[in-house]
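The chain contents come next:
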Amino acid sequence: RLPNNNSAKHALVSYFQMYLSGTTATPEQRLKMICTFIESNNEYYRTLGLDALRTALSYHQFVGSGACGIPFGMRSRDYGYMPKGDEVKAWYETFTDYACEQIIGGTWTSPEVKSILAENIRGICHCGLISIIENASERILKTTDWFEGWLACGEMLHHDADKMDEAYHTRIEL
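Note that the structure is predicted; figures quoted are calculated from it, not measured.

Trainee: Please explain the overall build of the protein chain as it appears in this structure.
Mentor: Across its full length, the protein chain carries nine helices and zero strands. Going from the N terminus to the C terminus, the protein chain shows its helices and strands as α-α-α-α-α-α-α-α-α. For the protein chain, buried positions account for 44% of its 174 residues. Sequence-distant contacts in the protein chain: of pairs separated by 6 or more residues, those separated by 24 or more amount to 74%. Total accessible area computed for the protein chain in this model is approximately 9,900 Å², and 54% of it derives from carbon and sulfur atoms.

Structure representation (structure tokens):
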């Protein structure tokens, strides 16, 4: 088993960032890899899958350490997939839907995925995609509790209330 501060692990997980990943793999292709890791019998791969999901759902973790940071060959590599507009929404929907499936399914990953999704509520909402969080919350709360999500919304209200319009604020409170 490799330690958490392993640079190879960090480089691999960076391929799951939305921006500056150095790969043009689609969200669906990346999700397929996350599923492969999480469904593995190897504990290290399962942990890697959860870290990749955390990275895919994150908003402020675009560090450019994917392939664009690895020298290879004569030509410089591009920055990878660069979603715009509706592609950003589709990105977060893809990974949020998967997170919901893991939570609702009550799999061994459910507790960790609840935390991962909650950690990223604020960032997803800052992208103007509160509807994704509303839909996820409704789906999750039909079958289980999600205390982590409730806390994350409270934290967002505490830190960002002065930057929100009234309608947005009300949607988060609900």
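Trainee: What is the right way to read the pattern of salt bridges from this model?
Mentor: Tallied over the full model, the rule gives eight salt bridges. Among the salt bridges present, the one from Glu119 reaches Arg54, with a minimum N-O distance of 3.0 Å. Taken as a pair, Glu119 in helix α5 (residues 110-119) and Arg54 in helix α3 (residues 43-57) lie far apart in primary sequence, 65 residues in all. Note that Lys114 is salt-bridged to Asp145, the shortest N-O span being 2.9 Å. Taken together, the residues Lys114 in helix α5 and Asp145 in the loop between α7 (130-141) and α8 (147-160) connect sequence positions 31 residues apart. Sharing partners across several salt bridges, the network here consists of Lys9, Asp51, Arg54, Glu112 and Glu119.

Rules used throughout
Residues numbered from 1 in each chain as written. Predicted model: local features only at pLDDT ≥ 70, side-chain atom pairs only at ≥ 80, totals over all residues. Heavy atoms only, no water. Helix = DSSP H or I, 4+ residues; strand = E, 2+ residues; numbered from the N terminus. Buried < 20%, exposed > 50% of the residue type's maximum accessible area, 1.4 Å probe, protein only. Contact = heavy atoms within 4.5 Å. Areas by Shrake-Rupley, 256 points an atom, 1.4 Å probe, with all protein chains shown as cover. Salt bridge = Lys/Arg side-chain N within 4 Å of Asp/Glu carboxyl O.

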